[in-house]
Amino acid sequence: MTFLNSVLERILELKSFEKKTVFSISTTAKQEESAYLTPVRICKDFVLAGCIIFDQKNLSSLLGKIDGKVDIILSDSEKVIPFHADELNYELVKKSGQLGEATISSICFQTIKKSKVFEFKPNDLTVNATWSFLSQRFRFLSGKRISILGAGNIGSKLALKLVECGAEIHLYRRATHKGNKIVHGLNLIKPESIIVNIQFHSDPMQASFMSDVLIGATSGYPIIDENIINNVKKNCLIVDLGKNNLTKNAIKIAAQHSIEIYRTDVTPAIESYVYEVLKMQDILENSYGKKDLGFCNIVSGGFFGSLGDIVVDQINDPRRVIGVAQGDGVLKQILNTKDQNNINKIINKFEILKG
């Protein structure tokens, strides 16, 4: 069965649940020979699946097949996908103005006409899912010694998120000069109230010494070997983020020492992100904006109101008055007669309640 046929079968499976259908399209830093599907995730209000692809020929064919067959397409906004010399789509090249490579997201927005397209950032979802797992697994992270081998996009963001919880972070990157710069920048960014600093190491063994948590975040090469396994605490937890970050011997030694190895699953993060997308879409379509009622303006959905604008819960069909804008991003604490009269008119017009 071809990859495209397997995608169409997967979409038929999604439709069988009779829920909103979501299909994600992404790629990885580690280039692999063949595109592949990601698991089906069944949620309360929608069902989600997706694929990982590695060239634009697959992407162009894929978009032509799935446009209109799913409700929502999530497109990877972080990563570029290369052209191959014999597979150039010159129409896309002309539209994007890029020859050689383009983001998946830019191609999706240029191509998709029927399904709704939203960008997503898989790396950020991986970081959030990992942080959530560790936070709940240990109940609190303050004081934990956490080693991250790999200081790329994921490792660096995760280091900042973890040190903000008071964890003691030890970071390793093969490129020493760049690694030092990254750690210096992260320590400048973190809140001043956090007294612990991220520490950089040019040696993975040194970085992983006596770790409570050891995280492999390289781009798919086995950085964690048996020597490093023997260097961590006996009850250490290992997280493989970069895929294939452990050697076979390391996995064997970890099992002998009853050291738990975890592969981060982005399920909780991507599910919550889809809900976030749907909620933001609802806000922009039904709540966000400013409307002139003749006697006053109403604003909603986070729209910055001018002095005297009445803030309501949704712009198209308001059901509640929140307050009166002061014009500087906050609500008035003391209302004048005009403010109160405008509120009363809105209450009568829309039959709503004051918040």
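Quick caveat: nothing in here was measured; it's all calculated off a predicted structure. (Residues numbered from 1 in each chain as written. Predicted model: local features only at pLDDT ≥ 70, side-chain atom pairs only at ≥ 80, totals over all residues. Heavy atoms only, no water.)

Draft legend 1. Geometry of the overall build of the protein. Of regular secondary structure, the protein possesses 12 helices and 18 strands. Judged by the C-alpha coordinates and their principal axes, the protein covers about 75 × 55 × 40 Å. Each of the 355 residues in the protein was classed as buried or not, and the buried ones make up 46%. Of the contacts made within the protein by residues no fewer than 6 positions apart, 62% connect residues no fewer than 24 positions apart. Element-wise, carbon and sulfur atoms account for 51% of the exposed surface of the protein, whose accessible area totals about 18300 Å². (Helix = DSSP H or I, 4+ residues; strand = E, 2+ residues; numbered from the N terminus. Buried < 20%, exposed > 50% of the residue type's maximum accessible area, 1.4 Å probe, protein only. Contact = heavy atoms within 4.5 Å. Areas by Shrake-Rupley, 256 points an atom, 1.4 Å probe, with all protein chains shown as cover.)

Draft legend 2. The arrangement of unusual backbone geometry in detail. A positive phi angle is found at Ser258, which is not glycine, with a value near 60°. When you line up the elements, Ser258 lands in the loop between helix H10 (248-256) and strand S13 (260-263). Its identity as a non-glycine residue notwithstanding, Glu351 has a phi of 55°, on the positive side. Relative to the helices and strands, Glu351 is located in the loop between helix H12 (337-350) and strand S18 (353-354).

Draft legend 3. Summary view of the packing of aromatic side chains. Scanning the entire structure with this criterion turns up four aromatic pairs. Arranged with centres 5.0 Å apart and planes meeting at 65°, the rings of Phe46 and Tyr275 form a pair that is edge-to-face. Of this pair, Phe46 sits in strand S3 (residues 46-52) while Tyr275 sits in helix H11 (residues 267-287), and the two are 229 residues apart along the sequence. Centre to centre, the rings of Phe133 and Tyr262 are 3.7 Å apart; their planes meet at 5°, and the pair counts as stacked. Of this pair, Phe133 sits in helix H5 (residues 122-138) while Tyr262 sits in strand S13; the two residues are 129 residues apart in sequence, bridging distant segments of the chain. In this structure Tyr262 comes out as partly exposed when scored by relative accessible area, which is 24%. It is Arg137 that lies over the ring of Phe138; its NZ or CZ is 5.7 Å from the centre. Above the ring of Phe350, the side-chain terminus of Lys349 is found at 5.6 Å from the ring centroid. (Phe/Tyr/Trp six-rings, centres within 6.5 Å; stacked < 30°, edge-to-face > 60°. Lys NZ or Arg CZ within 6 Å of the ring centre and 35° of its normal.)

Draft legend 4. Structural view of H11. Taking 1.5 Å of rise per residue, 21 residues should cover 30 Å, and H11 covers 29 Å from first to last C-alpha, within 8% of that figure. Regarding H11, the residues found buried are Thr267, Ala269, Ile270, Tyr273, Val274, Val277, Leu278, Gln281 and Ser287. Where H11 terminates, the next one or two residues include Gly289, which has phi positive at roughly 135°. (Expected span 1.5 Å × (residues − 1).)

Draft legend 5. Quick peek at the packing of H5 against H11. The contact between H5 and H11 brings their axes to 7 Å, and the two run at 120°. What the angle tells us is that H5 and H11 run oblique. The way H5 lies across H11 gives a crossing that is right-handed. For the pair H5 and H11, contact is made by Leu125, Asn128 and Ala129 and by Ala269, Ile270 and Tyr273, respectively. (Axes fitted to C-alpha atoms, helices over the stretch in contact; angles between N-to-C directions. Parallel < 35°, antiparallel > 145°, perpendicular 65-115°, else oblique. Left-handed = near helix turned anticlockwise from the far one by under 90°.)

Draft legend 6. Quick peek at the sheet that holds strand S1 (residues 20-26). Pairing is mixed across the open sheet formed by five strands, whose spatial order is S2-S3-S1-S4-S7. At either margin of the open sheet sits one strand with a lone partner, and together these are strand S2 (36-42) and strand S7 (116-120). Between one strand axis and the next, the sheet turns by 20° as a mean value, whatever way the strands run. Across four bridges, the pairing between S1 and strand S4 (residues 72-76) is parallel. Across the sheet, the residue bridging to Ser24 is Leu74, located in S4. (Pairing = 2+ DSSP bridges.)

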